[in-house]
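Commentary on secondary and tertiary structure
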Amino acid sequence: LQTDTDVVVLTTGVLVLITMLPMIPQSGKQYLHDFFGIFGRLSAWCLQNPGHVAEIYLVHLHASVYALFHRLYGMYPCNFVSFLRSHYSMKENLETFEEVVKPMMEHVRLHPELVTGSKDHELDPRR
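Residues numbered from 1 in each chain as written. Predicted model: local features only at pLDDT ≥ 70, side-chain atom pairs only at ≥ 80, totals over all residues. Heavy atoms only, no water.

Per an unreviewed UniProt entry, the protein is named TSC1 protein, and its organism is Centropus unirufus.

Once that is clear, we can look at the nonpolar core. Core analysis: the biggest nonpolar cluster contains 33 residues, and Phe39, Leu61, Leu68, Leu72, Phe80 and Leu84 have the highest contact counts within it. Elements with a minimum of two residues in this core: α1 (7-20), α2 (32-48), α3 (55-75), α4 (77-87) and α5 (94-105). Once you skip the residues sitting within four places of it in the chain, Leu72 turns out to touch Leu21, Phe35, Phe36, Phe39, Pro77 and Phe80. (Core = buried A, V, L, I, M, F, W, Y, C linked by side-chain atoms within 4.5 Å. Buried < 20%, exposed > 50% of the residue type's maximum accessible area, 1.4 Å probe, protein only. Helix = DSSP H or I, 4+ residues; strand = E, 2+ residues; numbered from the N terminus. Contact = heavy atoms within 4.5 Å.)

Next up on the list: the UniProt feature "transmembrane region" (unreviewed entry) in the protein. Under the present numbering, the feature "transmembrane region" (unreviewed entry) in UniProt falls on residues 6-24. A helix fraction of 74% and a strand fraction of 0% characterise residues 6-24, whose end C-alpha atoms lie 26 Å from each other. (UniProt positions renumbered as here; feature names shortened; annotations may be inferred.)

Judged by side-chain polarity, Val8, Ile56, Tyr57 and Val59 come together as a nonpolar surface patch covering roughly 360 Å² of accessible area. Tallying contributions element by element places α3 first for the nonpolar patch, with three residues. By relative accessible area, which is 52% here, Ile56 ends up exposed. (Patch = residues over 30% accessible without salt bridge, like charges linked within 9 Å, V, L, I, M, F, W, Y side chains within 5 Å. Areas by Shrake-Rupley, 256 points an atom, 1.4 Å probe, with all protein chains shown as cover. Salt bridge = Lys/Arg side-chain N within 4 Å of Asp/Glu carboxyl O.)

Next up on the list: the environment of Glu98. Positionally, Glu98 belongs in helix α5. For Glu98, a relative accessible area of 38% gives the class partly exposed. For Glu98 and Tyr88, which are ten residues apart along the polypeptide, the C-alpha to C-alpha distance reads 9.2 Å.

Taken as a whole and judged by the stated rule, the model has eight aromatic pairs. For the ring pair Phe36 and Phe80, a centre distance of 5.3 Å and an interplane angle of 45° mean the geometry is tilted. Of the two residues, Phe36 is situated in helix α2 and Phe80 in helix α4; the sequence distance between them amounts to 44 residues. Grouping aromatic residues by their ring pairs yields a cluster made of Phe36, Phe39, Phe69, Tyr73, Phe80 and Phe83. (Phe/Tyr/Trp six-rings, centres within 6.5 Å; stacked < 30°, edge-to-face > 60°.)

Right, here's the structure in full:
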């Protein structure tokens, strides 16, 4: 998912990742930044279409990236929002944020952990 360019493989891989994340919440935390990087890469892919793939494949990829957004926001809201803030504050990522990520954010509610939790508490094994 970090380097592949086949949109069918990417879409399938994201769907598998979304399915597996709730089963490995503590084991997956060591790869959390990789998961966030995958989200960032595929969000940009949805906008830029570097592989010049057919529109129907992009629709499926966008839907799977949207599902990944929900999974990461639901499981790791403090860490994910921190990633979004740092990644999309860079000028080269601003268009992706405006066109792809911001519309996703407009359809979620404020996660309670953003108020009562912290990045460290989120990764605590007792949670």
